[in-house]
Amino acid sequence: MIFASLLFLFIFLPLNLILYYAVPSFKAKNAILIAFSLLFYAWGEPVWVLLLVLTAFLDWRHALAIEKYRGTNKAKTALLMTVITDIGIFAVFKYSGFFISNLNLIPFINLPVPHFILPAGISFYTFQTLTYSIDVYRGKIKPQEKFTNYLLYLSLYFQLVAGPIVRYTDVENSINHRILSVPKFSSGIYRFILGLGKKVIIANTAGKFVDMYMTSKADELTTLGAWFGIIMYSVQLYFDFSGYSDMAIGLGKMFGFDFPENFNYPYISKSVSEFWRRWHMTLGSFFRDYVYIPLGGNKRFVLRNLIIVWFLTGFWHGASWNFIIWGLYNGLFIILEKYTKKWFDKIPAFLRHIYLLTVVNVGFVFFKFTNMSDAVKYLKVMFTGGVSFTSMSDTTIILNNIFWICLALIICTPVMKLLEKLYDKSTYSNAVVITASNTIRILLLFTIMVLSVAHLTGNSFNPFLYHSF
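Residues numbered from 1 in each chain as written. Predicted model: local features only at pLDDT ≥ 70, side-chain atom pairs only at ≥ 80, totals over all residues. Heavy atoms only, no water.

Draft legend 1. Unusual backbone geometry, seen in detail. In this structure, Tyr-265 takes a positive phi of about 50° despite not being glycine. By the secondary structure assignment, Tyr-265 is in the loop between α11 (223-254) and α12 (272-278). By relative accessible area, which is 19% here, Tyr-265 ends up buried. Backbone geometry at Phe-301 places phi at a positive 55°, although glycine is not the residue there. Mapped onto the elements of the fold, Phe-301 is located in the loop between α13 (281-295) and α14 (302-317). Its relative accessible area of 51% is what places Phe-301 among the exposed residues. (Helix = DSSP H or I, 4+ residues; strand = E, 2+ residues; numbered from the N terminus. Buried < 20%, exposed > 50% of the residue type's maximum accessible area, 1.4 Å probe, protein only.)

Draft legend 2. Just the packing of aromatic side chains, in detail. Inspection of the entire model under this criterion finds 70 aromatic pairs. Judged by centre distance (5.5 Å) and plane angle (45°), the rings of Phe-369 and Tyr-378 are tilted. Summarising the burial analysis for this pair, Phe-369 and Tyr-378 share the class buried. Of note, Lys-29 hangs over the ring of Tyr-20, and the distance from its end group to the ring centre comes to 4.8 Å. In this structure, Lys-94 is placed above the aromatic ring of Trp-316, and the distance from its NZ or CZ to the ring centre is 5.4 Å. (Phe/Tyr/Trp six-rings, centres within 6.5 Å; stacked < 30°, edge-to-face > 60°. Lys NZ or Arg CZ within 6 Å of the ring centre and 35° of its normal.)

Draft legend 3. Summary view of the packing of α11 against helix α20 (residues 402-411). It is at 11 Å that the axes of α11 and α20 come closest, and there the two elements cross at 50°. It follows that α11 is oblique to α20 by the angle criterion. Here α11 and α20 pass one another in a crossing that is left-handed. Of the residues in α20, those touching α11 at Phe-228, Met-232, Val-235 and Phe-239 are Trp-404, Ile-405, Ala-408, Leu-409 and Ile-411. When its residues are assigned to classes, the contact of α11 with α20 shows nine nonpolar, no polar and no charged. (Axes fitted to C-alpha atoms, helices over the stretch in contact; angles between N-to-C directions. Parallel < 35°, antiparallel > 145°, perpendicular 65-115°, else oblique. Left-handed = near helix turned anticlockwise from the far one by under 90°. Contact = heavy atoms within 4.5 Å. Nonpolar A, V, L, I, M, F, W, Y, C, P; charged D, E, K, R; others polar.)

Okay, here's the thing in structure tokens:
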């Protein structure tokens with residue numbers, strides 16, 4: 001089940017909200033959330049619920065052991081066990097096929113390649129279990145005494161499948177003492193509907209253009225068509241993932257939780273380093289706090305640390321060489337920017353922005369194509385020319401969708417957010433105008449909701465890109 005579906009919007013979520021607010025105690029509310037979260041997770045493949053619950057139980061027990069034997073070798077053993085268990089399960093399901101396929105390239109080796117269906121969300125909840133155990137070992141948090149409370153943290157369906165990566169410290173106080181209020185609930189609805197619109201109206205539309213251009217044979221593409229295709233893929237990726245993050249944050253608020261932000265307008269960046277401070281921020285902070293800094297951070301072996309982090313960043317996204325190359329590609333530019341900072345910062349801002357957009361779009365070619373030969377052919381069309389520069393078909397498609405394209409590109413920037421802030425500031429203390437502002441906002445949300453439902457009703461094209469990561 002996914003958020004952007006009629007089943008979720010009109011049956012699952014309303015029923016969950018009704019039952020949740022019908023019971024008085026947080027204990028009962030938590031039980032309802034656990035039940036609905038496990039049902040949500042089991043919708044596609046019920047057997048993976050057992051894996052999720054088993055992982056939660058093992059980590060919960062290991063964390064209690066870490067606390068009980070703090071300062072001894074037994075605590076270190078418990079931490080080691082939880083790291084081996086979590087990463088081991090993750091690696092078996094996501095990477096075993098990749099490793100064995102590459103081993104089979106060695107002469108005289110011919111091992112059977114396993115083909116596992118990747119459990120939904122395992123890339124996200126594995127990192128959550130790791131942060132919990134490590135933070136307990138570091139003494140940053142106390143272990144959760146009740147297994148059901150820990151299971152609630154790990155299984156919350158709002159962020160289970162596509163993030164953001166929520167640390168236990170983010171929700172520790174909210175498990176039994178969260179604040180439920182009308183303003184917070186309405187803020188959650190607002191955020192959820194905006195995310196739904198980003199996903200359904202923009203990401204899905206961009207995805208159609210991506211399928212149109214990036215699944216064609218490279219020798220049939222025009223230069224403009226190749227650039228348009230990869231730009232639309234960048235738009236699809238951003239709105240697909242940030243839309244789901246917005247919906248997750250909005251759902252959290254409806255139920256009284258506050259989740260961390262995951263995106264901060266990455267396409268306005270002027271360097272690759274800045275881009276990755278704005279894109280998938282909870283993933284970036286995970287690698288910073290649990291990999292980069294423990295390796296030495298900026299104090300020692302900086303080059304080695306950056307290479308390891310960006311290798312792992314790419315590999316986390318998928319068990320394929322193209323993702324590793326994509327990760328190292330980003331890492332290369334971050335390293336270059338780091339060691340040329342005093343010269344790089346002197347470059348005019350608009351040129352650095354053009355550089356960033358070019359680097360990101362080229363990088364996403366490697367992200368899109370698992371076959372490196374296809375990626376190279378596509379890049380060749382982008383930079384050395386296709387069958388022609390453009391065609392009548394390209395021009396017609398772009399002109400017919402120019403309003404949507406401009407809207408999507410504008411929403412990639414904080415222009416709308418700034419206008420909203422300026423409008424709210426100018427109307428502050430004017431009750432009549434504030435009421436009008438709220439009315440406009442309600443009408444906007446209603447319009448987005450109607451358009452989103454219309455898209456979902458009349459269209460079977462509804463891919464979820466980060467579901468596979």
